[in-house]
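Overview (structure and organization)
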Number of protein chains: 2
Amino acid sequence: MAEAAKGPLDGLRVIDLTRVLSGPFCTMILGDLGADVIKIEPPKGDPVRAQGTMTEGHSGYFAGFNRNKRSMVLDLYSDEGRDVLRRLLADADVLVENFRPGTLQKMGLGEDDLARLNPRLIVASINGYGSTGPYVDRPAFDFIAQAMSGFMGVNGDPDGPPMRAAAPVSDLVAGIYAALGVLAAVVGRERTGKGQTVEVAMVNGLISLLAYLASEYFATNRVPERTGNDHPLVYPYGLFTCSDGQIAVANSHDQILRRFLDRLDLGWVMTDPRYDSNSKRMAAREELREMINARMAGHSRDHWLAILNAAGVPCGIVQDLHQVFADPQVKAQQMVIDVPFQDGPTVKVPGFPIKLGATPCHVHRPVPRLGGGTRTILAELGLSEEEIAGLLQRQVAGD
Amino acid sequence: MAEAAKGPLDGLRVIDLTRVLSGPFCTMILGDLGADVIKIEPPKGDPVRAQGTMTEGHSGYFAGFNRNKRSMVLDLYSDEGRDVLRRLLADADVLVENFRPGTLQKMGLGEDDLARLNPRLIVASINGYGSTGPYVDRPAFDFIAQAMSGFMGVNGDPDGPPMRAAAPVSDLVAGIYAALGVLAAVVGRERTGKGQTVEVAMVNGLISLLAYLASEYFATNRVPERTGNDHPLVYPYGLFTCSDGQIAVANSHDQILRRFLDRLDLGWVMTDPRYDSNSKRMAAREELREMINARMAGHSRDHWLAILNAAGVPCGIVQDLHQVFADPQVKAQQMVIDVPFQDGPTVKVPGFPIKLGATPCHVHRPVPRLGGGTRTILAELGLSEEEIAGLLQRQVAGD
């Protein structure tokens, strides 16, 4: 792996006890930004290593969440294993975990223990509902967090069921927030010299995304209705049908709408007494939809996209993943990158969403083989070759 | 406003040129974490001030994105206004903008100008498609970013249309990523002494959330089908119908599924040769759905939620916003908070998703009146009362 310009988090040591999705996404982001992430795995490894379609025996799903990390196998059920963990934590900046609340405490690593061990340590926890409150013991899962947070209830057609997002948004948003909270704590530590706890719950993360849906509810005490792909307050807006398929158009205010209608030779709509206000247009939704679709049907999607984009009307197509990853803009933004597995094939994963000018994110470490960093990390801790061999032989550590 | 324990970003000065959603969300998060955010508004103000249902003449929608900021009115079309901005930037840590790419340059604030003015300045930009590539001039909007990123194409029922998320996820995810990128750059600056640019595009943010949908596409070259509320790979999983409505159940692996079926007295399913593997259960989806719904129908949602949660099966209801904000867990997590407007009413907004142990997020500044901080900020810049009066009189600044 080429050593490029160091990332902004170069020198930040992150001990990662997380598995599956929310936590690994958090620590991958920190790794992408240059942190030294040590992923501690049980002897069987993060279960995601065995999930998804394999490429030469390696999981692309795992690659998408675990580039830029080192892997160390440690049996945390053994006293000796927890002892090694404590030695790692004594010298680390950040611990990230996504166990159920209380698990860390049962391992003898409660808040007070950790503060005694390393007062500078920042301890980040990601969970479903938070570590206080009546649901603290409930198991969580992305789909359930989408349902309980209100995020899912507002999605879908008015006459259809509430609809989840297929992407695991509650896991990933919680992971991003946790990375952000960690860095805020790192910045704060410059002044105080002390670490602190950071906690993000999946349900809370999605509640924070409800935006005007929440504020309208608070202002009116009315539950918003599902409006499918139409905008709840503005029309025309949504999907329209061209000769070869649909395009999405967001006429977010009158000025843009005027340009849109002009391009369709429907400029008269704006001054026609039947349609000359947004509320009239909302009421005449189906009529206008037909009128617009009739015009759109005369040309292809590419025709309308070129004309409308040039006119400053936000529009696009609903791309499937084949189209997304072939899109020249997505390529220009390097939103597909190659990452190699340590001792394995190179696979494609989504690229870095944060673009830094001076120290851009890059792949500075491969996707680690299970335990691929164990020996090096133990040696960095100051253990002798004999001690390391002993830990491996007693299966406290694995490589 | 009570001065509680300072947030971790106390002392960080953020100049905020953003409007509407993505940018204001980014800077609000920085403000929630203790930064001093100066929101520069044109004389007419951020358009969101006039949007959504008003409470005593104030927009709750605006409150949800602009607590913990000060507002300053500055006419950036005037030389004098841009001059004041330059003086602010000379002493600031962060500039955040969400104009279309190139706008800052036209204002004489290109990357080089800013680096000369203040080499420590971190300049964060949020836009639709990124500042390079063929779509750089296209207008963007949340709905369009959902469509173009692939996020929307994977949502929805197999026989229905692709379905957007109602919450403006592309705006908000970009805003969170931008805040994260800013803090990474702040941490990096400790070592280098230099700021850098940070850019996040809405489309890129959503691509980064495609998770296993993307990795499966890369591994198989097959576009994932829409599966509605069912899991694409696992069954039983999804919504099931109790006597008084549906519950969501996430049987993410066999161990959990066994507990689920046991509680329904359907434990035999796991060993019946018709259903004894996940692929057989996927094939017998509709048969199993009926069987499970028949059991569920015998009891209420509360009955099943209590039993299944106790058994460690992730489950919940699809809450509407009324249920969400009345939920005892959501209340215990303080995910609804009161924020006052400067010289206005107090309204409810979603709470803080990042919970810090030592320096928790809190409302340290009200939602600012348009220009409510102008005089103070100009005085802090060292301008005399006469100079301030002159700027106000010439309508370069407003209060």
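The model shown is predicted, which means the values in this text are computed figures rather than measured ones.

In this chain, Tyr-235 of chain A is followed by Pro-236 of chain A through a cis amide linkage whose omega measures 0°. Note that Pro-236 of chain A resides in the loop between α9 (211–220) and β9 (238–242). Positive phi, close to 70°, is recorded for Val-20 of chain B, a residue that is not glycine. Among the secondary structure elements, Val-20 of chain B is positioned in the loop between β1 (13–16) and α1 (22–32). The class of Val-20 of chain B is partly exposed, set by a relative accessible area of 34%.

Okay, the environment of Gly-81 of chain A next. Residue and element names in this part refer to chain A. Note on placement: Gly-81 falls in helix α3 (residues 79–90). Residue classification places Gly-81 among the buried residues on the basis of a relative accessible area of 0%. Here the alpha-carbon distance between Gly-81 and Val-187, two residues 106 residues apart in the chain, equals 31 Å. Filtering out sequence-adjacent residues up to four positions away, Gly-81 remains in contact with Leu-74, Asp-75, Leu-76 and Val-396.

Here we take up the interface of chain A and chain B. Between chain A and chain B, the residue contacts involve 132 residues of the former and 133 residues of the latter. On the surface where chain A and chain B come into contact, there are 44 residue pairs in polar contact (both at pLDDT 80 or more). Counting residues per element, the side of chain A that touches chain B draws most heavily on helix α7 (residues 169–192) of chain A, which supplies 15 residues. Its residues assigned to classes, the side of chain A that touches chain B comprises 79 nonpolar, 39 polar and 14 charged.

Our next topic: the side chain of Ser-215 of chain A. Summarising the element assignment, Ser-215 of chain A is placed in helix α9. Residues in contact with Ser-215 of chain A, not counting those within four places in the same chain, are Gly-60 and Tyr-61 of chain B.

Mapping chain A onto chain B leaves a residual RMSD of 0.0 Å; the transformation is a rotation of 180° accompanied by 0.0 Å of translation along its axis. Taken together, the rotation and translation describe the operation of a two-fold axis. Minimal C-alpha distance to the rotation axis in chain A is attained by Leu-180 of chain A, lying at 2.4 Å. Taken together, the interface assignments show that 100% of the residues at the interface of chain A recur at the interface of chain B, consistent with an identical surface on both copies.

Right, let's get into the pairing of strand β9 (residues 238–242) of chain B. Residue and element names in this part refer to chain B. Of all 5 residues in β9, 4 are buried, a share of seventy percent or more. With 5 bridges joining them, β9 and strand β10 (residues 245–249) adopt antiparallel strand pairing. From the neighbouring strand, Gly-238 faces β10, where its bridge partner is Val-249. Linking β9 back to β10 in an antiparallel pair, the connection comprises 2 residues.

Scoring rules and cut-offs
Residues numbered from 1 in each chain as written. Chains lettered and ligands numbered in written order. Predicted model: local features only at pLDDT ≥ 70, side-chain atom pairs only at ≥ 80, totals over all residues. Heavy atoms only, no water. Helix = DSSP H or I, 4+ residues; strand = E, 2+ residues; numbered from the N terminus. Buried < 20%, exposed > 50% of the residue type's maximum accessible area, 1.4 Å probe, protein only. Contact = heavy atoms within 4.5 Å. Polar contact = N/O pair within 3.5 Å; in protein donor to acceptor, adjacent residues only side chain to side chain. Nonpolar A, V, L, I, M, F, W, Y, C, P; charged D, E, K, R; others polar. Least-squares fit on C-alpha atoms with pLDDT ≥ 70 in both. Pairing = 2+ DSSP bridges.

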